[in-house]
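Each chain is listed here by its residues.
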Amino acid sequence: MPYSNWHRGSDGILKRGEILPAIDCPTRYEIYYPNDSEACPYIAPVSRNPHSHPNPKPSKTPALVRGILEELLVILGWKLVDATPQRLNLDSGFIAGLRRILEWNSARNPTLADLHPSLANYDHARRIIMECRKTLYPHGTGLEGVKQLYTEHSQGPPELAYVRAVESHEIPREGSCKTVLCMLPAMSRLLMATWRISINTPFKRVHKWQEFEIKPWFPSYNRSIVISQAIIASQSEEVT
Ligand SMILES: [Zn+2]
């Protein structure tokens with residue numbers, strides 16, 4: 001049967017759903033009314049033929065389930081920054097959390113919809129993720145959020161200052177280039193003590209930003225140590 005209900009999109013705006021033309025469902029209802037409703041205050045609805053479609057999915061997530069989902073989202077840490085329902089269903093850490101909570105034994109991985117059918121609606125799940133992100137990162141997860149971290153780190157204990165620089169540079173003919181440098185003072189000291197520097201660039205943890213790590217080899221420790229993480233965004237492909 002066609003029906004229309006209220007639906008909140010991922011932008012948080014409540015809109016009435018569209019009434020769709022009747023789909024090809026053979027179910028018919030016959031409703032029998034009593035001739036004398038005083039003597040017999042009942043009606044008898046009779047449904048004939050099976051439905052050709054599944055039941056409509058519940059559109060609300062119970063508070064208890066939402067709480068469980070929020071806990072799993074918090075455990076994601078930095079991955080919450082660009083989490084989407086699709087990515088969550090592919091994230092091994094998130095899936096491991098779901099398996100534990102649902103006491104899931106099947107070889108098939110559980111999905112958000114197995115936590116609650118309402119979460120099969122990606123708009124709805126996306127909105128919960130967005131609200132959780134807003135609570136954890138009130139200054140956003142973009143450059144403004146990083147600037148806030150920089151301010152916090154520069155006011156805290158100097159040895160724990162990790163975000164060391166957030167800068168914007170205008171490069172002639174190339175456009176603007178933003179850089180974020182993350183490096184604890186202990187890492188700076190290691191950098192000063194090394195002669196051979198190698199730079200790894202395969203990281204793509206932040207959408208539209210390029211990330212690289214400086215990881216020199218220290219013969220005295222017989223291992224490479226990450227001494228700096230830098231993130232840059234540039235309008236030009238040539239600036240790396
Ligand atoms: Zn039907």
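Our structure is the block above this text.
This section reports on the structure supplied with the text. Note that the structure is a prediction, hence the values are computed from the model and not measured.

Let us now look at the packing of helix H1 (residues 63-75) against helix H3 (residues 92-102). For the pair H1 and H3, the least separation of the axes is 10 Å and the interaxial angle reads 145°. Two packed elements cross with a definite hand, and for H1 against H3 that hand is right-handed. Here Ile 68, Leu 72 and Ile 75 of H1 lie close against H3, whose contacting residues are Phe 94, Gly 97, Leu 98 and Ile 101. Taken together, the residues of the contact of H1 with H3 break down into six nonpolar, one polar and no charged.

Leu 73 and Ile 129 are the most contacted members of the largest nonpolar core, which totals 15 residues. Taken together, the elements giving at least two residues each to this core come down to H1, H3, helix H4 (112-115) and helix H5 (122-136). With four residues, H5 is the largest single contributor of residues to this core. Apart from residues no more than four positions distant in its own chain, Ile 129 is found in contact with Leu 73 and Ala 83. Core analysis: the next-biggest nonpolar cluster, separate from the first, contains six residues, Tyr 150, Val 163, Val 180 and Cys 182 among them.

With respect to the secondary-structure elements, Phe 94 resides in helix H3. Distance from Phe 94 to Val 166, taken between C-alpha atoms, is 31 Å for residues 72 residues apart in sequence. Excluding anything up to four places from it in sequence, Phe 94 contacts Leu 72, Leu 76 and Leu 88.

Calculation criteria
Residues numbered from 1 in each chain as written. Predicted model: local features only at pLDDT ≥ 70, side-chain atom pairs only at ≥ 80, totals over all residues. Axes fitted to C-alpha atoms, helices over the stretch in contact; angles between N-to-C directions. Helix = DSSP H or I, 4+ residues; strand = E, 2+ residues; numbered from the N terminus. Left-handed = near helix turned anticlockwise from the far one by under 90°. Contact = placed C-beta atoms within 7 Å. Nonpolar A, V, L, I, M, F, W, Y, C, P; charged D, E, K, R; others polar. Core = buried A, V, L, I, M, F, W, Y, C linked by C-beta atoms within 7 Å. Buried ≥ 20, exposed ≤ 12 C-beta atoms within 10 Å, placed from the backbone.

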